[in-house]
Every structure is written in structure tokens, then in C-alpha cells.
2 protein chains.
Amino acid sequence: MRLLVLLTAFGLLWTTATGAATNALRETEVEHKFDTMIHPSELRDWMKLLASEPNHVGSPHDRVNANQILSWFKQWGWDARIERYWVLYPTPLSESFELAGTKPFKATLQEPPIPGDTSATATEPALPAYVAYQGDGDVTAPLVYVNYGMKDDYKTLQRLGVSVKGAIVIARYGGGWRGLKPKLAYQHGAVGCVIYSDPNNDGYAVDRTYPAGPMRPPRGLQRGSVSDISLYPGDPLTPGIPATRNARRLKFSAAPTILKIPTLPISYADAQVFLAALGGPVAPQSWRGSLPITYHVGPGPALGHLKVKSDWSLREIDDVIGVIRGSTWPEQWVVRGNHHDAWVFGASDPLSGQVALLAEAKAIGTLLKGGWRPKRTIIYASWDAEEPMLLGSTEWTEAHAADLRKKAVLYLNSDSNGRGFLQVAGSHDFQHLVNQVAAKVIDPETGVPIAQRLRAHIRVAAFEPDASEHIKEGAKVAADPERDFPIEPLGSGSDFSSFIDHLGVPAIDVSFGEEGDSRGVYHSRYDTFEHHSRFVDPGFVYDALLAKTAGHLVLQVADQDLPVQRASDFADAVEDYLEQVEKLADEERDRAETQSGLLQDRAFQLAADPTKSSGLPSPLGRVPHLEFAALENAVDRLHRSATAYDQALAKKGSDLPAPKLERLQSLMLTIDQTLAPEIGLPGRPWYKNLIYAPGAFTGYDAKTLPGVREAIEDHRWNDANRYARITAEAIDRYSDRLDQATAVLNAK
Amino acid sequence: MRLLVLLTAFGLLWTTATGAATNALRETEVEHKFDTMIHPSELRDWMKLLASEPNHVGSPHDRVNANQILSWFKQWGWDARIERYWVLYPTPLSESFELAGTKPFKATLQEPPIPGDTSATATEPALPAYVAYQGDGDVTAPLVYVNYGMKDDYKTLQRLGVSVKGAIVIARYGGGWRGLKPKLAYQHGAVGCVIYSDPNNDGYAVDRTYPAGPMRPPRGLQRGSVSDISLYPGDPLTPGIPATRNARRLKFSAAPTILKIPTLPISYADAQVFLAALGGPVAPQSWRGSLPITYHVGPGPALGHLKVKSDWSLREIDDVIGVIRGSTWPEQWVVRGNHHDAWVFGASDPLSGQVALLAEAKAIGTLLKGGWRPKRTIIYASWDAEEPMLLGSTEWTEAHAADLRKKAVLYLNSDSNGRGFLQVAGSHDFQHLVNQVAAKVIDPETGVPIAQRLRAHIRVAAFEPDASEHIKEGAKVAADPERDFPIEPLGSGSDFSSFIDHLGVPAIDVSFGEEGDSRGVYHSRYDTFEHHSRFVDPGFVYDALLAKTAGHLVLQVADQDLPVQRASDFADAVEDYLEQVEKLADEERDRAETQSGLLQDRAFQLAADPTKSSGLPSPLGRVPHLEFAALENAVDRLHRSATAYDQALAKKGSDLPAPKLERLQSLMLTIDQTLAPEIGLPGRPWYKNLIYAPGAFTGYDAKTLPGVREAIEDHRWNDANRYARITAEAIDRYSDRLDQATAVLNAK
């Protein structure tokens, strides 16, 4: 009732206010209306339905869900369709992992059901222990424990005098993306890889285990993809092109993202038996998990026998796409997506985000039926096959690349959601927009705006005695209400990747978490409706909050007349990244010099315990000074151009005549793509964005200024100098575009 | 044979060289001879004998050992005697710790013997689980897990909304000295305290457990003292005076160092049962150990029943004292000590150090028989009753305080020893002497001087990515062969305390370790001859190395004509400490201001999870600027005086006529005592040294400039300003003394 009164009042003002003010009021009104249409109980019912059976790619229920979502979209007034692709997707046929020898032992590889939980009542079978795109095989070999199985772990193994050549490695989850574990193991000569979830990371060490608490039970497994994301995501057989029915496909043997050695995930109940059977050096302190054993590295004496066989046929995947055509600028698109496929039931991952997206779609449909229409076109996407490696979104962006390059203002993503604090990563020219939205959406637990709560969280975290410098820097900003709180850079791991990494289309990923999260059941059979409702988001208030937050972002981008980007935020971020990269080069140089002195003085030998085997570290080599001047000049110029643009927009933007406005829009609509030239990153040209990329050796986590930063990390000095120049040129093109936009604004 | 040739060559030179050179050659010759008399097999045999039965205070074998050592001293030519004291020493009569309720459980409180080990063959009984000077009692109360039970842990408990009032706390060993755990528990209202050894600190998480490896087995216990060391060590009934038979004693009820609540140590096998029975909040991440459970804080629901009863009679303790009178300056004393009492067999603690001391005593005795005699008097002390709280050494220094203040040049301590790297803490004016000795003693594993190996160790440790700033600073010094490697400041925890802390007599503590150590059996029944020979120092080469290192230090101090102190090293150390203290004050101020902003903005409330109980932190209050000028001026002056002294000594020292030399000696002999004026530290006047003290809230670990530093830590601003002035005055007196010494050197 109260809302109606307000709407009438707004109606009166509408006709008299000037452009910008009208704009703002119309948004406020629409947002209020939108919020009243988000009902947690509806999200709950949708999740219960969608999570009632396993939803992995190729499962009957994944298709049932796609059709259900399609029918909802249509029912809610969207122009909706399914876009289908035909992708290579391996389904497990048989698998085993055994301890050979005097006390044989067989890993379980299935998660027992839990009474009172969907896992016990579903009739469709769950996928067994499995990682997609591992390399089928049958190997028997000594076991070696490799900690997280990341690059630095192999340096440590070298110092310990332990090789994985011909061995099966056991890695624990964490420390970097899972797919790097078998990939690096293979590159170091291993013949198989097993990955387990240590209770230290998401088991009993963290909290009670499901069903007593939220954490991973002893027989819980983490499935996932190990397709080589560092090269490209999506269908392994159709890089760069859509996997249509008759697409030209790579031969299976030529697909570079499929791994070469058999790999399986196991539970910690099983892992304990294999790890306890290892001898050799005691694992270094940072390698020790929370199992009640002494962690040894091996190799052996335990022998493992690992066997995996899959069905490598093509499978159909169904993206559900809903469209509402814009009233004023239909050729400008706001794209919003969340995947619908899961590893098993997928209540938290991805359905918590999916039901938020559904709530938004329903509310927007209702607004539409009430006569409202967005100025720009809104596209809602419910992706299939995200889990095996972002296939649904990647094939779709490859199919619509030309349109997206011309029309996409922003891609807004969500995925798993939880209870607690706002978490945003994305393109930094959208940081101010995120702050504006977050300043108005109210946190259900505290009654203050989510921005205010996040600022409090950052400041309190920075007050902890062991807070990182990154957190402390963030807290300085968060404590100043005049400044926008910082958003994080995007890496990979969800459907934003092909938009920002490949096309250069700006993207934002949004979620809530830290108080209630699903890491304890991540990619397991226990990520169920019951678990989500009990431990992740009781009452579905944060899934509803995600709908409000994402919905406001969509409405703002769809309806604002003026470009929503703020260039100075981007310039500040890039300046930070350049400082980090320069510091990294200096630190590498210092480190190499220090190591050279240590090697010369035989310090490693003298400091080693002669009763333990220990190898010398590989010499780091000389670290040259790098050609940073062009990049420094580009960043300086970016700052000047960004300040000029932001000031001009603030001063002149509100009374811009239509032709100028459209010229300004067209300049800013595609400005981020200047940062993603055709050349791409060294050795992985699918990744074109020179500001943001997932790290080749982190998998999901972002590397900023990746062409330069990763070259320094890997000591590829020519690449470092070359990409410093190439990145500088891209930044200059961004500044060129800004200068043109400023000129439009400042023209008499 | 080769040595004899060298000795002859030296003999030739002897008669022709000038004073300083002669001095140096004589030392080298004596040191060579000394080294040839150190036989690892002899140390092995002595340890086997001394560690064959339990050696706790009051046990028959402790007295047998004292008499054995006395007879060896005499046999080796020392003027030896036993000095006896009568001290309060509680012996356990009965004890129990039980889990009350539906599933009752009784803690074991005894360590089962291990076949093939002294623990299985000894005929005398071992002390059960016990901590000396706890407060007898019988209590039943809910259990609360308090992590390490240190000050900060109680702040965390407050944030968690958990009180220990009326509860029995369970603390894990580590994080600070054991006696602080029951003391702080009592101060916060707890009625009992149980301390257990988490496998994360010294059990299976670190390495295999005894007898398969060196670490603490599931039923291993850590005994120890909980007498309130922060007030004074030694007999609780005779503070400041010797505990002679008829000494004037405090009443038992007035003895402030005896704790008020019953306390017991338990094993981790037992602790797991009690900890698993706790509910309440999940323990914060840094509180989690390596038991395979979710650590909860409580309180309860588990109820504990704790009962301890002791025999509080006086016991006789026997210090064995051996003396060799100096030939030139008999009224100048070098004191060298190591205790002989243990908690059970005490192979590593203390007998590994004791057998080194015995080897030195035998070698010095042999030198004596060969016609050599030290210029200064050498006193070797085998202390009793160190374990209950440094009783033997404390009563002895209190008995001989007047003599020690006049005559003691240095007290050199050792205790547990292990395999690996040199570890030295002590008075910094002796840092250069330590470096000179360490540059000549050869490490048996690498064949290089122990100083060179230590430098390599520090540099390699600093090269680790997570190295602390302290290590990195140390590495800069260690990498420069022109600079002396740094020694650490002394706190407490062994027999040096009454020398340096109470009398101001300079002290050095020396040991080897890090490759082989006894922490896994520390104060347990498994600290046996077999454990020490297998895991701590196989072949007894490092115990022999300790004898060489300590022996050379003794010989140098006993025989050098010129004072061995180097004042600049002390000045550098004090300057560092002042910088730390000033930084601490600034950080406290920043922290208080930050917290005030957080409280004002309700940030703690907004950042808290409303589903969990959480309290606000106590306001830190305003931190004033402190009066550091006098201290800064004193340190500046100290630098000038120290440089002048060191230069004058280097230039003029070698040709000093006898009267001047003796005047110089007498000035420098007692110079360190200027730093320990009568006033003592605030609230604990037994501790007089204003540069070094054990922390009131660390127990063993050193606090430098303690009057100022601890006042800042505790926000006692008047004390901080007052002790900045008092400490400045003490440093000025040290500088005065240096200036007088410089004047003697520079006089025509």
C-alpha cells in the first residue's frame, strides 16, 4: 500500500523533472517495485524442484530443468528459446583405485546416501568419483604425496630429492585449480593422479561434518573438470567456434585440453589409508593436513593401481535464452547468466544462483506486463554444461561473438551463493556502479546497506593482527565513505570467462558468502536442498538478496541514459597492477642475486641435514631490468584521460542532446574491447584480455596485466618486454577512446 | 701425533712473541690439547649411567648422581664439594582427571613403558603426570578449551562470548610458558586447569612417534613447573635469600609463587576424549590442533572432575660445586653450570648438557695435572632442582650474591643439547667472544666452523618465502663475514636466570639443535638414553661439540688478559631494542585509534555473524606519546662511549702495564651490573636487569628493555615513562664506566 502512494508521487514528478533526475527517479521506482516481487519462499520451491535429481550434463533431469526454465521464461513474458550445442563430454564407464601389496585396499569412489537428505531419496544415479577430461588409463606405480601439486611443490620435491617420474601422485585439493594437479604431474613424468579433500581444508578441522554440520563428511568427494583451462575453456574439439551439430571438429587425439593421465578424486577416509602407507621424507610443515597421521612424501613403498575408462561420445547441451527487446536502444545488450547443470544435485552450485536469476526474470517479466520496458535489450541466460568447463556459455559466445562485440554493454554472472557479505569481482570501470547499487540494497541480517556491512567486514578483518597488506589497503579505502570500496579482478571458473577473457566484453560476478557457504559439500553428492537450507542460506534470504542486487545492476545498466563506466576507477586499478608487476620484477632480481650468493658460498649444502636427502635448488639465473617506460607512460596518460572524461561526464553529461548521447554511448559501449586485441596472451591466444586473465598456473585466480606478470613469474624476459609494449598500446587505445568521448562531451 | 708437532712449533714461538700474541698462542695450544681430550664414547657412557633411573628431586638416583659427579670432580683434580639447600618441593600423592556424565572416562596419567627402552627396565618409579607448585584441590566443573591459554586467547574468548568462570580449562602446550596457563585461568575465574600436548606441536603431525620416530607418542605427558616465575624463581618460601636449613621462611599460605588451582598435564590420547565432548562455538582457525576432531570451545556440556593432592614437605637438594683457583687473578671467577636433576630419566634434558660439562671438567682437570693453570678462578656447578624452577642455582646465587657481584666475569650455562646448529643467547657485550670461539670450533657434519654453518643456516632460512623480518635482518649480518653473527637475548627457563636477571652478572647459554631435538619427549618418561642416542645425537658428537664450544669459552674468559667484552655489540643491540619499543608504542597508538573508529561505526557488530554469539572487544583507550628523549640520548651516548672504548682497546690494549690492566679489568668485570639497579622491574623487584628479562606474560621468552616494553604492552603509561628514565640512567652508568675504562686505556 505504501509503495503505491510513492508511485503516484513519482508519477507527478515524472513529467516535470529534467532528464537525469527523471532517470534516477524512474530507476528508484522500478527498483522498489522489483524488490517487492522477490519472494524467498518462491526461490525455495524452485530450488527444491530443480535439485530433486542429479543434474550433470547428459542426465535426464538436466534436460528436464532446461525445459522447465524455458517454460517459466515464456510464462513470464520473455522471448525465450533453447540454443543447443553438441559437445565432447566424457561419462565414466568404469574406475578403480587400489593399494597393491600385502594389505590391499580399494577406494570407495561412491558417496553413501544420507538419510533425510535428497541424496537418499533421489531415484536417478549420481555420477561416481570423476573428473572430466582426465586421460583414461590403467597404471600401477609407487605413490608420491605432492601437497597441492602446484609448481612450487615440485621445487620443494626437488629439494627433498624426490621425483614423481613413473609414479602416481596424490595431491590434496586447494592451493590452485584442480586441473593443474594432473597436468603438472604429467609434465613431471607421473603416470596417474589422485586428488583428495583434506579435512584441514573443508572437513572436520573446519566444523562438524554433514549431516551434523556443514563440512565434508569422511566419504565426500569433490568432482570437477580438469580440462586444460589455461589454453581455452569450452568444448575441447571446437576452440574459437561454436559446437554446432556440423561444426568442423578437432580429432580427439589433437584436442590439447584433454589430459594425458588417468585421474580420480577420492575421499579423505580413503586417502588416509594410502597416505599412511607412504615412507620417504616427512612432508614439510606447510604440506601437512589434518589427518591423524605423519604425512610422508614417498615414493612408495605403497604401490597404487589406478584405472579409469570413459565413454567419449558427443552430448547435447541446452542453453536457455530469454530476451526482452529494449525500447530505446535495442542494439545495446545487457546479458545476465547463471548455469543450471551441476555435478550431482547442485543445490548451492549452481541452483542458489539460478533461483536468484529466475526470481529476477519473473520480476522483470511482471514489470513488463505492467507496461514498463527497458531502454536496452536484456538477455537472460541459463547455461548448460558449465561444470565440465564453461561449455554452454563458451559455445554461445563463440556463436554470437560478432553481435556481442558490437552490442554487449555488460555480462553479469552469478553461480553458487551463500549467506554473509557481498563479494564482487569484475571490470573496474564498473566499480562505481557496483558501489551505487550496494549503497541501496539492504542486508537482511543487520538492516544496513550491503555496502556498509561489507566496509565494516573489510575494516574488522584488517584489524586482525595477521591481516594481509592487501586487506589493510582495502580497509583504508573502506573506511572512507567518500571512496568506493574496491572490487576484485576476475579470473575464471564461471561463465563470465568467454565474455571478458576472450571477447573483452566487461563482466561482473556477484555473490554473497563467508558466513554460510557450501565449500564442505562442493561438487559432492551432499550439495542438496537440505544442506543449502540448513547451513548455507536458511530461509533463502541471501539468495533473494542476490536477486535484488543482480536485478538492480541489470536495471541500472539497461536504463541509464549515460554510460555507467567510471574511468578513474579503472585507471587506479591498472596503476596498482603496474606497481605490483614492477615490484615483482625487483623482488625476482633480488631473489636471484641472493640465491646466487648462497650457491656460491655452498650455503644450501651447509644448512642441509646430512642425514636427509636434499637437492640444490635450480639456479634462478640473472634477472634483467625490463622496459617498463611505455607502460608507465600509458598508465600516466590513462590517468589524465580518465580524470578528464569523468569530470566532463559529471559536468556535461546530464544535458546532452540525443545525437551526442548516442555518439558517446557507442564510444563507451565497446571501450573495454580495446584491451583485448587479437594477438592474445603468449602461448594461449584464446585469452585476449591484457588486463585480466586466469593465471596459467593458478587456473581460476586472476592474474592482472597477465602478459607481463606471468612472463616475469616464468622468467620469459623477451615476452615480458614485448607484452609491456603490447599492453601499453592497448591501454593507449583505451585512452584514445576516452579522449574521443571527452571531446564529444566538451564540444560546444 | 700431528698435534705434538704443532705444539713443539708453538713452543718455539712462545718465548719470542709479544704479550697479546703469546696470549693467543697459549690459548690455541690449550684449546687443541683440550679438544683431544673430549671423547664422545665417554659422554655416552656417562649418560647411560646417569640416565639409568628416574632423577627427579627427592629421588634416590638424583642423590646417587650428585655423589657420582662429586667423586668424578674430585678424581679429576677439582676442589669439589656439595652445597645443600632445604626447599619446598611438592611430591604427588594422588591425582585424577575424569569425564563425568553418561560416558565416563578416566585420564591415564601414567606413561606406559616402551620395550627396549630405559622406561621399561628402570626399577625406580617415574613421577606420574604432574606439574610442580600447582594448587591442590578437588573440583567438578564444565570444560572450556582455551587454546594456549595466553592473554590474547582470553580476548578471543571474550569475543566468542565464552567465560571460564567456574570452569576447568583445557589448554594445549605451546604459545608461551606452561605456568601462565593455570595462572591466567585462575585470574579469569577458572577452578582447574588441564594442559595437554597437541600432536600438532610435538606429536604425529611433526614426525613418527616414539619408538618408530622421535615424536611424542599418544600417551606421552609433559611434566614441568608452574611456580610463578614472573615473580621470582627458586624456593617459593625463601625469595632473595638462600634456603639454608634454618633460613627464615615464608608461611606456605603467603608464598606468592604457588598457584591456587589444581592443574595436571595429560596426553593427547586422553585429551581427544575430553575435547570431543565439548560443544559451543567452533574454535577459531588458529586454535585448531591436529587431533581428528572439530575443536569446540565449550563451555561443556562435558563436565570434568579434577583432583590433585601433594606432599608439601621440605626436600634436600644437592648442588655439586668444583673449583680451580686462578693463578693470576683468583678473585675473578668464571662460572659454568648445567643441572643434573630431571623429570624422569632426563637423557636429553639435562644430561646431554651435563655430560658435556663433565667432559670439560675432566679435560680441564687433565690440563691442570699437566701443569697448566687458569689465570682466573674456574667454578663448575652441577645444579640440582632446576626442573621445579631453577632452585639449585637460585639458592646458590642468593647464598653467594656478595662474592658473585664482586668477582663473576661470566656465567656460562647449558642444558638440553641436540644435533645441528649453534644456538647462543646471552649478554651482547660477549657476542664478539662467541663469534671468535665459533669461528674455530669445527662442525662434525660438514667440516666447516660452526659459525660458518650457522651463517649458512640463517641465510638459507631467510631465503624461504615466508621468512620473518627478524630472520631477514639476521641474514644480512650473517652474509657479511666482517660482521659478527647476532646472538639472542636471554629470558629464563634455565639456570642462568638468577645470574643475569637478579644479579646483573653477564651470562651466555649455549646449545646445538634443530636437526635432532628432544621436544617430542620433553619432560616425559621417554626422554631416555635410547631416544637420545637414536634420534637426538647419534654418536654423541654434538654433545662432545658442546663440550668443545663451552670449554673454549671458559678457557678464553679464564685466560685472556684483556677484558673480552666488546661494547659496540651491546650498543647496537640496545639501539635495536629501543627502535622496537618506539615502534611498538606507535603501533599501539595506531591500533587504539583504528579500534575507536570501528567501535564508533558499529563495525564489529556489522561484521559479526548474527547466528553466532559474539562480544565487543574491550576498548583499548587512548595511547599517549611517551617520554623517550632521555632513553634516546642515553643510547646515543652509549654508542659514542662504546666506539671510543672499543677503539682504544684495539689500539692500546696489547701493551698495557700491569696496574693499568688490573684497573681496566676491575672496571669491566662488573660493568653489566650497572644495568641491574636495586629497584628492579615494576611489580617484580627480584628481576633487576633493565635490559633483559623473561616476559611476565611469556614466561621463558625474553623481553628486552622490559621496564618500558612491558609497560607499553600492558598500557601502564606512567610505568612506561618512569622506566624509560630509569633505564636511561642505567645505560648512562654503563657509559660512565666505559668512559672510565677508555680513560685508563688512553692515559699516557
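These numbers were taken from a predicted model, which means no experiment stands behind them.

Tell me about the sheet that holds strand 12 (residues 329-339) of chain B, residues and numbers included.
All names here are of chain B. Spatially, the seven strands line up as an open sheet ordered 1-11-13-12-14-16-15, and their pairing is mixed. Every other strand in the sheet has two partners, leaving strand 1 (79-88) and strand 15 (419-426) as the edge strands with one partner each. If you compare each strand with its neighbour and ignore which way they point, the axes differ by 20° on average. Where strand 1 lies against strand 11 (residues 314-324), ten bridges are found, and the strand directions are antiparallel. The partner of R84 across the bridge, within strand 11, is D318. Against the sheet, helix 18 (residues 541-559) contacts strand 12, strand 13 (376-383), strand 14 (408-413), strand 15 and strand 16 (507-516), and its axis sits at roughly 160° relative to strand 16.

Describe the packing of helix 14 (residues 450-463) of chain A against helix 19 (residues 567-600) of chain B, listing the residues and the values that go with them.
Their axes nearest at 11 Å, the elements helix 14 of chain A and helix 19 of chain B cross at an angle of 150°. Classified by the interaxial angle, the pair formed by helix 14 of chain A and helix 19 of chain B is roughly antiparallel. For the element pair helix 14 of chain A and helix 19 of chain B, the recorded crossing hand is left-handed. Along the contact surface, helix 14 of chain A presents A:R459, A:V460 and A:F463, while helix 19 of chain B presents B:T594, B:Q595 and B:L598.

Just give me the short version of the relation of the copies chain A and chain B, but keep the residues and values in it.
Least-squares fitting of chain A to chain B yields an RMSD of 0.0 Å, with the transformation described by 0.0 Å of translation along the axis and a rotation of 180°. When the rotation and shift are considered jointly, the pair of chain copies conforms to a two-fold rotation axis. Mapped onto chain B, 100% of the interface residues of chain A are again interface residues, and the two copies thus contact each other with one and the same surface.

For the interface of chain A and chain B, give the residues involved together with the corresponding values.
In this complex, chain A contributes 34 residues to the contact, which on the side of chain B involves 34 residues. Going through the elements one at a time, helix 14, helix 19 (567-600) and helix 20 (603-607) of chain A are the ones with two or more residues in the side of chain A that touches chain B. Broken down by element, the side of chain A that touches chain B gets its largest block of residues, seven residues, from helix 14 of chain A. Tallied by class, the residues present in the side of chain A that touches chain B amount to 17 nonpolar, eight polar and nine charged.

Quick notes on the rules
- Residues numbered from 1 in each chain as written.
- Chains lettered and ligands numbered in written order.
- Predicted model: local features only at pLDDT ≥ 70, side-chain atom pairs only at ≥ 80, totals over all residues.
- Pairing = 2+ DSSP bridges.
- Helix = DSSP H or I, 4+ residues; strand = E, 2+ residues; numbered from the N terminus.
- Axes fitted to C-alpha atoms, helices over the stretch in contact; angles between N-to-C directions.
- Contact = placed C-beta atoms within 7 Å.
- Parallel < 35°, antiparallel > 145°, perpendicular 65-115°, else oblique.
- Left-handed = near helix turned anticlockwise from the far one by under 90°.
- Least-squares fit on C-alpha atoms with pLDDT ≥ 70 in both.
- Nonpolar A, V, L, I, M, F, W, Y, C, P; charged D, E, K, R; others polar.

Functional significance is not addressed by these values, which are geometric in nature.
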